[in-house]
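Here are the chains, one letter per residue:
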Amino acid sequence: MAEVNNEKLHIRLHVYDEEIEMTVKRSDEEYFRKAAKLITDRYNAYAQAYKGRKADHTIALMTLIDVALMYEREHGKNDTAPFHDVLAKLTSEIEEALESENVLTI
């Protein structure tokens, strides 16, 4: 049971103007800290551009959309489905060619 506790870490993240306490996997701590910094940086950019013209809630939503857009773009770059489709087609063509070759040599 002590091993499980060693895998978890209690951290405090500074996100924009708020401190958030979380318990995370020790191996994910760096990712959480980078995520908090990314959110803070993006929020600050939107706040600077729209403060006084947009509500804080709207600025937060704009930040979420921005970060989600980054995620979706990156996720799209890593889409391997087209490669799997091409490989499946090539494999099928190779198998057909081998089968027809076996028919001819029999």
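Residue positions within a chain follow its written sequence, with the count starting from 1. Owing to the predicted nature of the model, reporting of local features is limited to residues with pLDDT of at least 70; listing and counting of side-chain atom pairs is limited to 80 or more, with chain, interface and lining totals taken over all residues. Think of the side-chain values as coming from all heavy atoms in the structure, minus any hydrogens and water.

Some remarks on the pairing of strand β1 (residues 8–15)
Piece 1. Exposure classes here rest on a 1.4 Å probe applied to the protein chains alone. A residue is buried below 20% of its type maximum, exposed above 50%, and partly exposed in between. Helix and strand definitions follow DSSP, with helices as H or I runs of at least four residues and strands as E runs of at least two, each counted in order from the N terminus. Burial along β1 is one-sided: L9, I11, L13 and V15 are buried, while K8, H10, R12 and H14, pointing the other way, are not.
Piece 2. A pair of strands counts as paired when DSSP detects no fewer than two bridges linking them. Both β1 and strand β2 (residues 18–25) contribute to a ladder of 8 bridges, which runs antiparallel. What sits directly across from I11, in β2, is M22.
Piece 3. As consecutive antiparallel partners, β1 and β2 are separated by 2 residues, and within that stretch Y16 has a phi angle of approximately 50 degrees, a positive value.

Some words on a negative patch on the surface
Piece 1. By definition, no residue in a patch forms a salt bridge, and every one has over 30% relative accessible area; like charges are joined within 9 Å, nonpolar side chains (Val, Leu, Ile, Met, Phe, Trp, Tyr) within 5 Å. For the accessible areas, the method is Shrake-Rupley and the probe is 1.4 Å, while residue cover comes only from the protein chains on display. The working definition used for a salt bridge is a side-chain nitrogen of Lys or Arg within 4 Å of a carboxyl oxygen of Asp or Glu. Only four residue types enter the tally: Lys and Arg on the positive side, Asp and Glu on the negative side; His and the chain ends are excluded. Note on charges: their place is set at NZ of Lys, CZ of Arg, CG of Asp or CD of Glu. Taken together, the side chains of E93, E95, E96 and E99 present a region of like negative charge at the surface.
Piece 2. Locating E96 in the fold gives a position in helix α4 (residues 81–105).

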